[in-house]
Amino acid sequence: MSTPDTTRVRVLVVDDEVLARTSLRILLAEDADVELVGECGTGREAVALVQELSPDLLLLDVQMPGMDGFEVLQRLAPERMPAVIFTTAYDAHALRAFEVHALDYLLKPFSDERFARALAHAKEHIQRGRVHELTRRLMGMLQGSAPPPAPPPAAPAPPSLEPVGGPLERIAFKDGGRVVFIGVDEVDWIEADDYYVQLHQGSRSHLLRESLRELELRLPQRRFARIHRSTIVNVSRVKELRPLAHGEAEVILHDGTTLRLSRSRREHLLSLLGMS
């Protein structure tokens, strides 16, 4: 029989954003001690899946259409209540009231390290059988009898944005159970997608959990240019520039992709193209 510290923690992910669920699925796959038993995008589905699957841990978005995360918890019976980590893209004015009752909260965009700490904390409580105490406190909060919230913990230190070891030459990303590498010169263009980036490589695109700013600092500076606040282009893929009004322009790539070039970034791109 398995000992408590080797029991896999069963996790249910609830978020109305597909990319957010994808990100959490990737992060959970890194930990052999957890099992993703389900995911959904609405509060009603979440209530049904908790009742059906009895997960140990609920990664629960706060703001969802129809039924928010707090309403989900109010509809769960105490004996069905898992440990809860809230996730949200919104400010912390409401979250402070829940901090001593829920196990943790993650304010989007959160780093991999911040997620790992929250998950480790959750596993420790679950494997030590402390979920019932968490449930009691959470149910008390939902019924309006919770004690005052504790001060929020100090925010984790931001990751360094300084490039390490020279410009990036290969990019690693997950594809199912594989880790795939592509050379940066294979990338046509990159776009910010919420708190991820999409790498466009011909007809394919790859989701990478990293901010556009962090990735920009690691790319070869003479080969890639930020042309818009949400877009980076591989300079070698640029075929044509078409002027627009107010000093802006369109960047046409060799495959026909059309991207917007902001006025403030025009000179930098022209210098990389040898036109200034």
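This text goes with the structure placed above it.
Novice: Hey, could you run me through the pairing of strand S10 (residues 204-208) in this one?
Specialist: Both faces of the sheet carry side chains from a regular strand, because those side chains alternate between them. In this sheet, S10 lies alongside strand S9 (residues 196-201) in antiparallel orientation, the contact comprising five bridges. Across the sheet, the residue bridging to histidine 200 is serine 205, located in S10. Between S9 and S10, which pair antiparallel and follow one another directly, the connecting turn spans two residues, one of which, glycine 202, has a positive phi of 60°.

Novice: Explanation requested: helix H1 (residues 18-29) in the structure shown.
Specialist: An α-helical turn contains 3.6 residues, so a residue and the one three or four places further along point in the same direction. Here H1 contains 12 residues, and its C-alpha end-to-end distance of 17 Å stays within 8% of the 16 Å for a straight helix at 1.5 Å per residue. Residues of H1 that are buried include every one of Ala20, Arg21, Thr22, Ser23, Leu24, Leu27 and Leu28, and no others. On its buried side, H1 packs onto strand S1 (9-14), strand S2 (34-40), strand S3 (57-61), helix H4 (112-127), S9 and S10.

Novice: I keep staring at the sheet that holds strand S13 (residues 238-243) and nothing clicks. Help me out?
Specialist: To summarise the sheet geometry, strands pair through backbone hydrogen bonds and adopt either a parallel or an antiparallel arrangement. Strands sit in the order S13-S14-S15 across an open sheet of three strands; the sheet is antiparallel. The open sheet terminates on both sides in strands that have one partner only, identified here as S13 and strand S15 (258-261). Between one strand and the next, the sheet's axes are offset by a mean angle of 30°, whatever the strand orientation. Alignment of S13 against strand S14 (residues 249-253), held across five bridges, turns out to be antiparallel. For arginine 242, the partnering residue across the bridge sits in S14 and is glutamate 250.

Novice: Explain unusual backbone geometry to me, please; I cannot follow it from the model alone.
Specialist: Leaving glycine aside, a negative phi is the common case for residues, and trans is the common case for peptide bonds. Positive phi, close to 50°, is recorded for serine 54, a residue that is not glycine. Looking at where serine 54 falls in the secondary structure, it is placed in the loop between helix H2 (43-53) and S3. Residue serine 54 is classed as partly exposed on the basis of its relative accessible area, which comes to 37%.

Novice: Mind showing me how you'd approach the nonpolar core here?
Specialist: Most often, soluble globular proteins have nonpolar side chains that are buried together. Formed by 21 residues in total, the largest nonpolar core has its most connected members in Val14, Leu58, Leu60, Val72, Leu73 and Phe86. Looking at this core, the elements with two or more residues in it are S1, H2, S3, helix H3 (69-74) and strand S4 (83-88). Sorting elements by how many residues they give to this core places H2 first, with four residues. Judged by nonpolar contacts, the second largest core, of 19 residues, contains Leu28, Leu103, Leu106 and Leu119.

Novice: Before we go on, may I ask you to explain the pattern of salt bridges in this structure?
Specialist: Close approach of charged atoms lets side chains of opposite charge pair. In this structure the tally under the stated criterion is 11 salt bridges. Here the salt bridges do not stand alone but share partners, grouping Arg21, Arg25 and Glu39 into one network.

Novice: What's the story with the sheet that holds S4 in this structure? I'm lost.
Specialist: Reading across the sheet, the five strands line up as S2-S1-S3-S4-S5 and stay open at both edges, with parallel pairing between neighbours. A single partner strand is all that each edge strand has here, and the edge strands are S2 and strand S5 (104-107). Each neighbouring strand pair of the sheet contributes to a mean axis angle of 20°, computed without reference to strand direction. Alignment of S1 against S3, held across four bridges, turns out to be parallel. Residue leucine 12 lies in a different strand from S3, and its bridge partner there is leucine 58. On the sheet, H2 packs against S1, S2 and S3 and is oriented at approximately 140° with respect to S2. Across the sheet, H4 touches S1, S2, S3, S4 and S5, and the angle it forms with S5 is around 165°.

Novice: Would you mind showing me how to read the environment of serine 236 here?
Specialist: Along the chain, serine 236 falls in the loop between strand S12 (231-234) and S13. In this structure the C-alpha to C-alpha distance between serine 236 and leucine 253, which are 17 residues apart in sequence, comes to 8.9 Å. A distance of 2.8 Å separates polar atoms of two side chains, one belonging to serine 236 and the other to asparagine 234. In this structure the side chain of serine 236 is engaged in a polar contact, spanning 3.1 Å, whose partner is the side chain of arginine 237.

Definitions and cut-offs
- Residues numbered from 1 in each chain as written.
- Predicted model: local features only at pLDDT ≥ 70, side-chain atom pairs only at ≥ 80, totals over all residues.
- Heavy atoms only, no water.
- Pairing = 2+ DSSP bridges.
- Helix = DSSP H or I, 4+ residues; strand = E, 2+ residues; numbered from the N terminus.
- Expected span 1.5 Å × (residues − 1).
- Buried < 20%, exposed > 50% of the residue type's maximum accessible area, 1.4 Å probe, protein only.
- Contact = heavy atoms within 4.5 Å.
- Axes fitted to C-alpha atoms, helices over the stretch in contact; angles between N-to-C directions.
- Core = buried A, V, L, I, M, F, W, Y, C linked by side-chain atoms within 4.5 Å.
- Salt bridge = Lys/Arg side-chain N within 4 Å of Asp/Glu carboxyl O.
- Polar contact = N/O pair within 3.5 Å; in protein donor to acceptor, adjacent residues only side chain to side chain.

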